[in-house]
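For reference, the chains in residue letters:
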Amino acid sequence: MHVELLTSQYVRAGIAPGEARRMARVKFGGVGQIKESLRDQAGFPMLESIIEDVRYAVRGILKNPGFVLVVVLTLGVGIGANTAIFSVVNTVLLEPLPYPEPSRLVVLQTTGPQRSFPIASPTKFNVWREHAGALQDVSAYLFNTANLTGGEPEQIVAGSVTADFFRLFGATTVAGRTFSADEDRPNGGRVVVLGHGFWQRRFGGAADIVGGTLPIGGDAHNVLGVLGPFDTEALQGPEGAPDVYLPFRIDPNSAMNGHFFRAVGRLAPGASVESATAGLQPAAETFRQRFPDVLTPNQSFGVRSFPDLVVGNVRSSLWILMAAVSLVLLIACANVANLLLVRAAARKRELAVRAALGAGRFRIARQLLTEGLVLSAAGGVLGLGVGMLGIRLLLAVNPGNIPRIGPAGAGVDLDWRVLAFTVALSLATSLVFGTLPALRASRTDLTQTLKESGSRTGSGFRQQRARALLVVSEVGLALVLLVGAALFIRTFFNLRAVDPGFDARRVLTMNMSLGGGRFDASGAIGDVMRAGRERLTALPGVEAAAAACCIPLRGGLGLPFVIEGLPLEGPFHGGGAFTPISAGYFEAFGIPLVRGRALTDRDDGGAAPVVVINESMARQFWPDGDPLADRITIAKGRPVVGGPTRQVVGIVGDVRDGRLDVEPRPTMYVPWAQVPDAHNANLVSMFPLSWIVRTRGAPQALGETIRDELRVASGGIPVAGLLSMEAVVSRSTARSDFLMLLLTIFAGAALVLAAIGIYGLSAYSVEQRTQEIGIRLAMGADSDRVRNLVIRQGMAVALVGVALGIASAYGLSRLVAGFLFEVAPRDPVVFAAVPLLLAAVALAGVWLPARRAARVEPAAALRLE
């Protein structure tokens, strides 16, 4: 009707009827165009239209299986890497702890201007519990080892917990009950609660064990109950999940100021970390009045979120990995976008014809986006499988004690968050790599396309510029990843070059639990040490043997000291590591004796008290004096831990007892047999005794023999936890090694993708310019000149990306400064070597297309027309 009205209007204006009808039809456009326009104006495509788009997209992309394979594999690797790292992030950081109201759980700590430490002493715990204020269920726990006796001795994991611990963490029983408040007090009777796994393993799940007895440390303990399944991974240390739970029984009148367990509680309704911390300030004043000189003037008490404590030291590492794989995915998207641009250029005529037949710009763009969505969906399915498989393989290597992931990553699982992340990532990637090709292809100019009908399509300046920009971004992102990986690789080698101060080769370590009262006197410990050393050193193949409270790189104790005869401004002259040892300790670890003498078996409880210090302590506290002429008193005046005045008899080399990347601290080695009995009783309740054996051959080969000899020497006490010292050193750097390994893998993938992008751009450019090159050669151009032209143009794109990458890496490198060791975040070697490497790879990427351009036959090139 509208065409007829307009035709009549034209006729009335004097135009011939035939011409008037043609002009009216041109004015309104084709029927198909009007339908497309109306459909576009609807704003939301109909469902059947979307299904048609998907069907058309599937049919279209399947016509080119090679293209589909490359795109899906590229996206699958990128999405898979992101899925793998996100699954770890999800397990460690996003999933709530498996306890009631985990956001309200807090750990109590001593705060200070330099650092805060969340380790408690009996004296502090008693004061905290008195001034709980905004806290509920304030509890203490310590996971240690104990000996299960009454048959074949077995070393088990024992959790010493206060009565409120079970309610705080939601641990319920499947049989019997947990401790009462009376049973949690000193002399509350020998009682025990069984862990669920131990109950199943040892008693086959028999309920009648409740009410029976269990011999632990030679004493019968009444079994009060059995816990149901209880996840302790966020609580436990290297000992593993507790097999049994014993009452902690912290004496309300204790004067013990040693820090060796953790105190936790729950924020009262409406309370916050800040209000709870403010509420503990009166507790700090009370503590100062009761125990002067323990807190420094700047120290106080506070609380910290317990979930934050559990994952705090890996949070940054995981986000760095997440950022790294995101860069890999962006590079993959850039590569795929380049492929789609090439494909869209090849389909230019097809798209022009569709436009001529009435397809609108939005319709064409939507169809191309649908094709991208189908490709990204296929890549997402592949990526989900690649991600779950990849993370299993990587975590099985050595994840470095990442909390909450379980043994070898068993706790990392596929849940709705990982699925939603993968789906969202697939949609996002389809937009990232599909939008630019869709927009460019939808701008098809029919006239221009017809003009290009006699030549190669897609070789215009705008098409080349778009692809070049994508390659520039790929190179820049790859350089950022390579710089990060190179910094971690340098850290890896720097840590390997650190002298730990001891010789870890051919050294075997193991543990022996001495709790239970039999070894409360230090003389009893000395007897076991002496007997054990005699039996071990008599073995063929054993060079030296010793025992100690703790071994290097596993942490230890610290106490203050006073140098007798020197003026004193504060309560102590300083503090350092406190390590009770047996004779032979320095020989077993290969620690050099610098001056004086080492400790011997003659330094027993009846001999004059002595101490050996390390070089750091000698340098720091006797810069101009002779330590061997002085005596020190460790923890002078402090109840329980305070000891006698000791003569300094020797100086030994420094040992990195905490971490390889931390400088040695002042250290005091004392004969264990000379430790005061009260302090000794606490030591054996806190730590198992560590045995150290240096062998002449492979240490593990003597493991069973050494275990049997120590069992005989100790009167039947089991030995467990055999581990070489080389493994201890390796585990101390496992987390940084894991981070380095992943970053290197991601950087390698980024380098390969960038090289593919550079090669693809150059090769496509040469292909599209074959005629031009043929004409140049026909007109006398030298083939070397043509080759250099292609190299120059390709390298110009790569070098722009390198320059942008250097600037980005220079700005971002400070984010990883805390993870580096003896390498600057802007290390000049790294910032020189990585761009050279990338430039060399780029040169290889453009060299092959350039050589092919130089070999173009002019006659053959002209026939392409």
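The text that follows walks through the structure, step by step, so that each part is easy to find. Because the structure is a prediction, the values reported are computed rather than measured.

## Considering the overall build of the chain
So, step 1. Helix and strand counts for the chain stand at 27 helices and 21 strands.
So, step 2. Computed over its C-alpha atoms, the radius of gyration of the chain comes to 37 Å, more than 25% above the 29 Å expected for a compact globule of 865 residues.
So, step 3. In terms of its C-alpha atoms, the chain occupies a principal-axis envelope of roughly 130 × 65 × 55 Å.
So, step 4. Looking at the 865 residues of the chain, the share that counts as buried comes to 52%.
So, step 5. In the chain, 81% of the contacts between residues at least 6 apart in sequence involve partners at least 24 apart.
So, step 6. Counting every atom, the chain has about 38,000 Å² of accessible surface; 58% of that belongs to carbon and sulfur.
So, step 7. Distance between charge centres in the chain, computed from 82 positive and 69 negative side chains, equals 12 Å.

## Remarks on the packing of helix α11 (residues 306-346) against helix α23 (residues 734-768)
A packed helix pair is summarised by two numbers, namely the angle formed by the two axes and the spacing between the axes.
So, step 1. Contact geometry of α11 with α23 gives a least axis separation of 10 Å together with a crossing angle of 15°. Between α11 and α23, the angle is such that the two are roughly parallel. The interaxial crossing formed by α11 with α23 has left-handed handedness. Between α11, through Asn313, Val314, Ser317, Leu321, Ala324, Val325, Val328, Ile331, Ala332, Asn335, Val342 and Ala345, and α23, the contact on the second element is made entirely by Arg735, Leu739, Leu742, Leu743, Phe746, Ala749, Ala750, Leu753, Ala754, Ile756, Gly757 and Tyr764.
So, step 2. A breakdown of the residues in the contact of α11 with α23 according to their chemical character gives 19 nonpolar, 4 polar and 1 charged.

## With respect to the pairing of strand β19 (residues 667-671)
So, step 1. Counting buried positions over the 5 residues of β19 gives 5, a clear majority of the element.
So, step 2. Taking every second residue as pointing to the same face, both faces of β19 are buried, with Thr667, Tyr669 and Pro671 on one and Met668 and Val670 on the other.
So, step 3. Note: strand β16 (residues 610-614) against β19, 2 bridges, orientation antiparallel. Note that in β19 the partner of isoleucine 613 across the bridge is methionine 668.

## Some words on empty space enclosed by the protein
So, step 1. Taken as a whole and judged by the stated rule, the model has 7 cavities of 30 Å³ or more.
So, step 2. Put simply, the largest cavity is a space of about 130 Å³.
So, step 3. A total of 4 residues in the lining of the largest cavity trace back to one element, the largest contributor, which is helix α17 (residues 522-537).
So, step 4. Looking at the second largest cavity, its volume works out to about 110 Å³.
So, step 5. Taken together, 14 residues make up the lining of the second largest cavity; nearest its centre are Ile551, Pro552, Thr579, Tyr585 and Asp657.
So, step 6. At the level of secondary structure, the elements contributing two or more residues to the lining of the second largest cavity comprise β14 (574-581) and β19.
So, step 7. Considering only residue class, the lining of the second largest cavity consists of 8 nonpolar, 4 polar and 2 charged.

## Here's the deal with the pattern of salt bridges
A side chain with one charge may pair with a side chain of the opposite charge, provided their charged atoms come close.
So, step 1. Taken as a whole and judged by the stated rule, the model has 33 salt bridges.
So, step 2. The shortest N-O distance in the salt bridge between arginine 694 and aspartate 503 comes to 3.7 Å. Here arginine 694 is found in strand β20 (residues 689-695), whereas its partner aspartate 503 is found in the loop between α16 (461-496) and β11 (507-512), with 191 residues between them in sequence.
So, step 3. Among the residues examined, arginine 694 registers a relative accessible area of 5% and is labelled buried.
So, step 4. The salt bridge involving arginine 533 is made with aspartate 601; its shortest N-O contact spans 3.1 Å. Here arginine 533 is found in helix α17, whereas its partner aspartate 601 is found in the loop between β15 (593-596) and β16, with 68 residues between them in sequence.
So, step 5. According to the relative accessible area criterion, arginine 533 is buried, its value standing at 15%.
So, step 6. Since its relative accessible area comes to 36%, aspartate 601 is described here as partly exposed.
So, step 7. Connected through salt bridges with shared partners, the residues Glu154, Arg201, Arg202 and Asp243 form a single ionic network.

Quick notes on the rules
- One numbering rule holds for all chains: residues counted from 1, following each sequence as written.
- In keeping with the model being predicted, local features are shown solely for residues with a pLDDT of at least 70 and side-chain atom pairs are shown and tallied solely at 80 or more, while totals for entire chains, interfaces and linings include all residues.
- In computing side-chain properties, one takes all heavy atoms of the structure into account and sets aside hydrogens as well as water.
- The secondary structure listing takes helices from DSSP runs of H or I that are at least 4 residues long and strands from runs of E that are at least 2 residues long, numbered from the N terminus.
- Radius of gyration: C-alpha atoms only; globule rule: 2.2 Å multiplied by the number of residues to the exponent 0.38.
- Buried means the residue's accessible area, taken with a 1.4 Å probe over protein chains only, is under 20% of the maximum for its type, while exposed means over 50%, and partly exposed covers the values in between.
- Here, two residues are considered to be in contact whenever any of their heavy atoms come within 4.5 Å of each other.
- Note that accessible areas follow from Shrake-Rupley with a 1.4 Å probe, and for residues the cover is restricted to the protein chains shown.
- We treat Lys and Arg as the positive residues and Asp and Glu as the negative residues; His and chain ends play no part in the count.
- Working definition for charges: the position is that of NZ of Lys, CZ of Arg, CG of Asp or CD of Glu.
- Simply put, an axis is a line fit to the C-alpha atoms, just over the touching stretch for a helix, and the angle between two N-to-C directions goes from 0 to 180 degrees.
- Small angles under 35 degrees read as roughly parallel and large ones over 145 as roughly antiparallel, with 65 to 115 read as roughly perpendicular and the rest as oblique.
- By definition, any crossing whose near helix is turned counterclockwise from its far helix by less than a right angle is left-handed, and any crossing with a clockwise turn is right-handed.
- In this classification, the charged set is Asp, Glu, Lys and Arg, the nonpolar set is Ala, Val, Leu, Ile, Met, Phe, Trp, Tyr, Cys and Pro, and all remaining amino acids, among them Gly, are polar.
- The criterion for strand pairing is that DSSP finds at least two bridges linking the strands in question.
- Here a cavity denotes a set of grid points, spaced 1 Å apart and computed over the protein atoms alone, in which a 1.4 Å probe fits but from which it cannot get out, and a pocket denotes an open set meeting protein on both sides within 12 Å along at least five of seven lines; residues with an atom within 4 Å of a point are reported as lining.
- Grid points are joined across faces, edges and corners, and a volume is the space filled by probe spheres set on the points.
- One side-chain nitrogen of Lys or Arg within 4 Å of one carboxyl oxygen of Asp or Glu is enough to make a salt bridge.

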